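Topology and contacts: notes
Chain by chain, the residues run as shown.
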Amino acid sequence: MPVTNLLIDIGNSNCKAAFGCKGEIGEIYRSSNENLLDFILQTIGERGINVIVLSTVREDDPQMQRELASRCRRLVVVDSSIKLPVELKFGFPAERLGSDRLAGALAVAMLFPGKDCIKFDFGTALTVDFISGDGIFSGGNISLGMRSRFRALNTFTKRLPMITPGEEICDFGKNTAQALEAGVVLGMKFEVEGYMNKYPHHTVVFTGGDSFYFAEKLKSSIFVIPNLVLVGLALIAEYYEQN
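Anyway, here's the lowdown on the structure attached to this text. Keep in mind that what you see is a predicted model, and the values were worked out from it rather than measured. (Residues numbered from 1 in each chain as written. Predicted model: local features only at pLDDT ≥ 70, side-chain atom pairs only at ≥ 80, totals over all residues. Heavy atoms only, no water.)

1. Some points on the pairing of strand β8 (residues 125-131)
- Of all 7 residues in β8, 6 are buried, a share of seventy percent or more.
- The pairing of strand β7 (residues 117-122) with β8 spans 6 bridges and is classified as antiparallel. Along β8, the bridge assignment pairs Asp 121 with Thr 127.
- Between the antiparallel neighbours β7 and β8 lie 2 residues.
- Across 7 bridges, β8 lies against strand β9 (residues 136-144) in antiparallel orientation. Each bridged residue has a counterpart across the sheet, and for Thr 127 the counterpart in β9 is Ile 142.
- Between β8 and β9, which pair antiparallel in sequence order, lie 4 residues; one of them, Gly 135, sits at a positive phi of approximately 80°. (Buried < 20%, exposed > 50% of the residue type's maximum accessible area, 1.4 Å probe, protein only. Helix = DSSP H or I, 4+ residues; strand = E, 2+ residues; numbered from the N terminus. Pairing = 2+ DSSP bridges.)

Take a look at the structure:
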């Protein structure tokens, strides 16, 4: 695939970067290091970049933006004020909307036109967003993601361990580790099923690092697009490349 654009998704826990062309994404590079600018510049290498699209949920980094702008024809920093490939209306004041949620909502609107959708993003946070079939981002909710729940239980108690859940989860635990697994994983499963049962006619889209893990635990028709934010950034890059 010809390399023309660079897509950067800086989340709470890590950074993902991918090269894109014609709205599609290539190999994905990941880093959890603090020095993200070095990681991005190493990823670029000597390549000539047309459009860089940056989504970050962290504080603005003017130095990073200046450096990235010098490495491409056009830098697009995603926020609610930028022009999008399709008109995405907002059912709420969107000035403080996270760029990752915006990019994901855009991808849903363009991939599932005319369908009312619920998007679940399983990351550091669990975000639940509603995008209507006529292109309105109605709003959404935010709660703790799976690993954040395990970490909170470990941090704010004296004796509960930090665990990594397995594939098989029992209905109720017979020891501390099983109780933690069942409490967190089934709690999130029931939470997600509650939304799906309340909106049975919505198309359901899962994304994020734990999307496949939870999709396997739900006996429902679900579209799993683990890198939905990058897909949205690729669509934005294609639009700015052409305009």
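Additional details are given in the paragraphs that follow.
2. What about the environment of Pro 62?
- Its location among the elements puts Pro 62 in helix α2 (residues 62-69).
- Put simply, Pro 62 and Glu 46 are 16 residues apart on the chain and 22 Å apart in space, counted from C-alpha to C-alpha.

3. Some points on the environment of Tyr 29
- Along the chain, Tyr 29 falls in strand β3 (residues 24-31).
- Its relative accessible area of 26% is what places Tyr 29 among the partly exposed residues.
- Sequence separation between Tyr 29 and Asp 134 is 105 residues; the distance between their C-alpha atoms is 34 Å.
- Not counting chain neighbours up to four residues away, the residues in contact with Tyr 29 comprise Cys 15, Lys 16, Ala 17, Phe 19, Phe 39, Thr 43 and Arg 47. (Contact = heavy atoms within 4.5 Å.)

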